[in-house]
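Now for the letters of each chain:
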Amino acid sequence: MSRRAITGAARRTTSTPGGGQTETRTSPVGWPTLLWGLGVTVAAAFAWQVADRVRLGRMTPAETISALYGRLIRSSRQLNVTVHSGDTPYEFADSFVERLARLTQTSRLRSALNPAIDETRWLVNLYVRACYSPHPPERVEQKRAVATWGKLKWRLWSVRFL
């Protein structure tokens, strides 16, 4: 078995101006392969987003809003928001919004995070209505909630990298 087969790298010999030769190893994975891999990853992420929106759209409005509230709670853990098992949705919202407000004071993403406060309060109010009100949310509000969560999710995701 050749050394190339073992290491997976090709060797390239080049001449130097002084008449000598240098040997370099080239990667078996070139730019086209890396770009193809990146493209597949982006396409898969996009397909996942579309499939998730379709799945949320097939649920009842109350089920969708409940699922989005659960996602909001999971996102809060990644932002170090303390959530107690006995917290009401409004207590959770207050803790979450307080954390967002602290982040907007020190973050370079202030303009992106300020709308997140209103989006969070709106989603929590809709969740309370879905669970406790005799007037459940309608399909229009369900669609708006999914769109709002889509924006809020990216805002919260961007905070993790600061």
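The sections below set out a description of the structure shown in this document. (Residues numbered from 1 in each chain as written. Predicted model: local features only at pLDDT ≥ 70, side-chain atom pairs only at ≥ 80, totals over all residues. Heavy atoms only, no water.)

**Observations concerning the overall build of the protein**
Spelled out, the test is: By definition, any uninterrupted DSSP run of H or I lasting at least four residues is a helix, any uninterrupted run of E lasting at least two residues is a strand, and each is numbered from the N terminus. Whether a residue is buried, partly exposed or exposed follows from its accessible area with a 1.4 Å probe, protein chains only, as a fraction of its type maximum: under 20%, in between, or over 50%, in that order. By definition in these notes, contact holds between two residues if any of their heavy atoms fall within 4.5 Å. Using the Shrake-Rupley algorithm and a 1.4 Å probe, accessible areas are obtained, with residue cover drawn only from the displayed protein chains.
Each helix and strand counted, the protein has 6 helices and 2 strands in total. Helices (α) and strands (β) of the protein occur, in sequence order from the N terminus, as α-β-β-α-α-α-α-α. Here the protein, with 162 residues, has 31% of them falling under the buried criterion. In the protein, the proportion of contacts linking residues at least 24 apart, taken out of those at least 6 apart, comes to 52%. A total accessible area of about 10,900 Å² is found for the protein, and carbon and sulfur atoms account for 57% of it.

**Describing the packing of aromatic side chains**
Let me state the cut-off plainly: We call Phe, Tyr and Trp rings a pair once their centres come within 6.5 Å, taking the six-membered ring for Trp, and we label the pair stacked below 30 degrees between planes, edge-to-face above 60, and tilted otherwise. In this analysis the charged atom, NZ for Lys or CZ for Arg, is taken to sit over a ring once it is within 6 Å of the ring centre and within 35 degrees of the ring normal.
Counting across every chain of the model gives 4 aromatic pairs. Where Tyr69 meets Phe92, the ring centres are 5.7 Å apart and the plane angle is 80 degrees; that geometry is what we call edge-to-face. With Tyr69 in helix α3 (residues 61-78) and Phe92 in helix α4 (residues 89-106), the pair connects residues that are 23 residues apart, well separated along the chain. Each member of the pair, Tyr69 as well as Phe92, is classed as buried. When the ring of Phe92 is compared with that of Phe96, the centres are 5.6 Å apart and the planes differ by 40 degrees; the resulting orientation is tilted. One end of the pair is Phe92 and the other is Phe96, both in helix α4 and 4 residues apart, which spans about a single turn. Put simply, the rings of Tyr69, Phe92, Phe96 and Tyr127 pair up and form one aromatic cluster. Here Arg144 stacks its cationic end above the ring of Trp122, 4.1 Å away from the centre of that ring.

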